[in-house]
Amino acid sequence: MRLTAIISALVLFIHLGAQEWALPVISVANVRDTTRHGAEMTTQVLMGTPLKITQRMDCGWSAVITPEGYTGYVIDNSLAFLDDTRMELWRRSPRLAVTSPVEIKAYSNPDVKSEPVTDLVPGDIVVDARMHKKGFWGICLPDGRSGWVSKDCVTPLEALNKGNVAEKVLNSAIVCMGTPYMWGGLSVKGMDCSGLTKHAYLSAGIIILRDASQQALAGTSVDMDSLKKADLIFFGNPLTGRINHVAIYEGDGYCIEAAGRVKRSLPENAGHIITARRYIGNEDSEGIVPIIHHPWYFATESVEKRAVD
């Protein structure tokens with residue numbers, strides 16, 4: 001299919017019908033706790049993240065639910081709205097995940113000297129236009145715009161779950177080192193502690209819960225002297241046991257955490273250790289969902305049986 005035909009189909013896909021779903025159209029969209037720009041940013045969603053719309057408001061904001069069940073409000077001009085039929089089409093379309101370790105650009109032509117169309121960050125999802133030229137892949141963005149990205153910066157969405165999970169998680173965390181801490185942040189532009197862990201696991205095609213206190217309830221408990229690479233270590237109040245921080249175990253006694261910036265630390269210096277949890281080997285358990293098994297992303301019979309909404 002020609003690129004122009006794909007774009008035309010996507011434009012119809014986005015603009016027609018009842019709008020019960022949405023996809024962020026910018027690389028990183030902010031989710032706030034009320035419908036104000038000055039309201040607290042509770043999290044972020046990346047381009048192409050499927051969102052369920054629970055309410056469209058006259059003020060130009062929409063109430064959304066994220067794939068892991070987080071709720072909040074996103075301004076409408078950051079979203080492309082879809083009905084059930086067109087959402088199903090998106091789920092069945094060939095898509096690419098941005099796997100570059102850093103922010104990149106999509107260009108108007110397969111040439112880095114051409115005009116940029118958008119920035120893209122690791123974890124963004126775009127439609128594969130099935131056009132390859134000069135080391136670039138043609139892509140379609142959620143709002144129907146087209147562009148070209150280096151083929152070395154993207155991978156088929158379903159391929160994220162392939163390979164060594166621990167290695168992917170740690171590589172993602174390591175390349176984030178130096179990224180500034182930002183409350184509610186979930187991308188290489190800025191992230192908080194649980195944003196780092198969520199981002200790192202997403203690089204391996206695994207969707208986990210958003211907050212550290214939620215993440216501490218998933219997976220299986222492990223002793224600190226039995227830690228393996230990519231296990232999560234949780235910190236908090238020694239009197240109440242309340243979780244307020246999380247880090248990724250790197251191995252050799254070190255962890256990677258987002259505190260001021262993403263950095264390598266000794267667990268004993270990162271806070272009071274409350275518990276540690278193992279996610280790898282516990283995929284498909286509550287709070288841990290491989291992206292290929294999440295029905296908001298993929299629409300196959302096997303996927304539908306594993307519905308999490």
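Owing to the predicted nature of the structure, the values given are computational and were not obtained by experimental measurement.

Now, about the overall build of the protein chain: what can you tell me, with residues and values included?
Across its full length, the protein chain holds six helices and 24 strands. Against the 2.2 N^0.38 benchmark of 19 Å for 309 residues, the protein chain shows a C-alpha radius of gyration of 19 Å, consistent with a compact globule. Dimensions of the protein chain, computed from C-alpha atoms along their principal axes, come out at roughly 60 × 45 × 40 Å. By the burial criterion, 56% of the 309 residues in the protein chain qualify as buried. Taking the contacts inside the protein chain whose residues are at least 6 apart along the sequence as the reference set, 60% of them involve residues at least 24 apart. Accessible surface, the protein chain: about 13700 Å² in total, of which carbon and sulfur atoms supply 51%.

Describe the pairing of strand 5 (residues 61-65), with residues and values.
Across the five residues that make up strand 5, a large majority, four, are buried. The sheet contact formed by strand 4 (residues 51-56) and strand 5 spans four bridges and is antiparallel. Residue pairing for strand 5: arginine 56 is matched across the bridge by serine 62. Between strand 4 and strand 5, which follow one another and run antiparallel, lie four residues, and glycine 60 among them has a positive phi close to 90°. Examined bridge by bridge, strand 5 and strand 6 (residues 71-75) share five bridges and lie antiparallel to one another. Its bridge partner being in strand 6, serine 62 is matched across the sheet by valine 74. Between strand 5 and the antiparallel strand that follows it, strand 6, lie five residues; glycine 69 among them carries a positive phi value of about 95°.

Tell me about the sheet that holds strand 20 (residues 243-251), and name the residues and values.
Each strand in a sheet pairs with its neighbour through backbone hydrogen bonds, running either in the same direction (parallel) or in the opposite one (antiparallel). Spatial ordering of the open sheet is given by 18-23-19-20-21-22, a layout of six strands whose pairing is antiparallel. The open sheet is flanked by strand 18 (220-221) and strand 22 (261-265), the only strands paired with a single partner. Packing of helix 3 (residues 165-175) onto the sheet brings it into contact with strand 20, strand 21 (254-259) and strand 22, and relative to strand 20 it is tilted by some 110°.

Which residues make up the nonpolar core, and what are the values?
In terms of nonpolar packing, the biggest core is built from 32 residues, with Val169, Leu196, Tyr201, Leu232, Ile248, Val262 and Tyr279 touching the most fellow members. Those elements that place two or more of their residues in this core are helix 3, helix 4 (193-202), strand 17 (206-208), strand 19 (232-236), strand 20 and strand 21. If one sorts the elements of this core by residue count, helix 3 sits on top with five residues. In this structure isoleucine 248 touches Val169, Leu170, Ala173, Leu196, Thr197, Ala200, Ala230, Asp231, Leu232, Tyr254, Cys255 and Ile256, once residues within four positions along its chain are discounted. With 17 residues, the next largest nonpolar core counts Leu23, Ile125, Leu160 and Ile291 among its residues.

I'd love a proper account of empty space enclosed by the protein, names of residues and values included.
Inspection of every chain in the model, using the stated rule, returns two cavities of 30 Å³ or more. For the largest cavity, the calculated volume is near 220 Å³. The wall of the largest cavity is formed by 21 residues, among which Thr49, Leu186, Lys198, Leu202 and Tyr297 lie closest to the centre. Elements supplying a minimum of two residues to the lining of the largest cavity: strand 3 (41-46), helix 4 and strand 17. Along the lines of polarity and charge, the residues of the lining of the largest cavity split into 14 nonpolar, five polar and two charged.

Kindly report on the pattern of salt bridges, identifying the contributing residues and their values.
Summed over all chains, the structure comprises 12 salt bridges. The salt bridge partner of aspartate 83 is arginine 86, with a shortest N-O separation of 2.6 Å. Arginine 86 carries the same exposure label as aspartate 83, and that label is buried. Connected via shared salt-bridge partners are Glu88, Arg91 and Arg92.

Rules and cut-offs
- Residues numbered from 1 in each chain as written.
- Predicted model: local features only at pLDDT ≥ 70, side-chain atom pairs only at ≥ 80, totals over all residues.
- Heavy atoms only, no water.
- Helix = DSSP H or I, 4+ residues; strand = E, 2+ residues; numbered from the N terminus.
- Rg over C-alpha atoms; globule rule 2.2 N^0.38 Å.
- Buried < 20%, exposed > 50% of the residue type's maximum accessible area, 1.4 Å probe, protein only.
- Contact = heavy atoms within 4.5 Å.
- Areas by Shrake-Rupley, 256 points an atom, 1.4 Å probe, with all protein chains shown as cover.
- Pairing = 2+ DSSP bridges.
- Axes fitted to C-alpha atoms, helices over the stretch in contact; angles between N-to-C directions.
- Core = buried A, V, L, I, M, F, W, Y, C linked by side-chain atoms within 4.5 Å.
- 1 Å grid on protein atoms, 1.4 Å probe; cavity = no way out; pocket = protein on both sides within 12 Å on 5 of 7 lines; lining within 4 Å.
- Points joined across faces, edges and corners; volume = space filled by probe spheres on them.
- Nonpolar A, V, L, I, M, F, W, Y, C, P; charged D, E, K, R; others polar.
- Salt bridge = Lys/Arg side-chain N within 4 Å of Asp/Glu carboxyl O.

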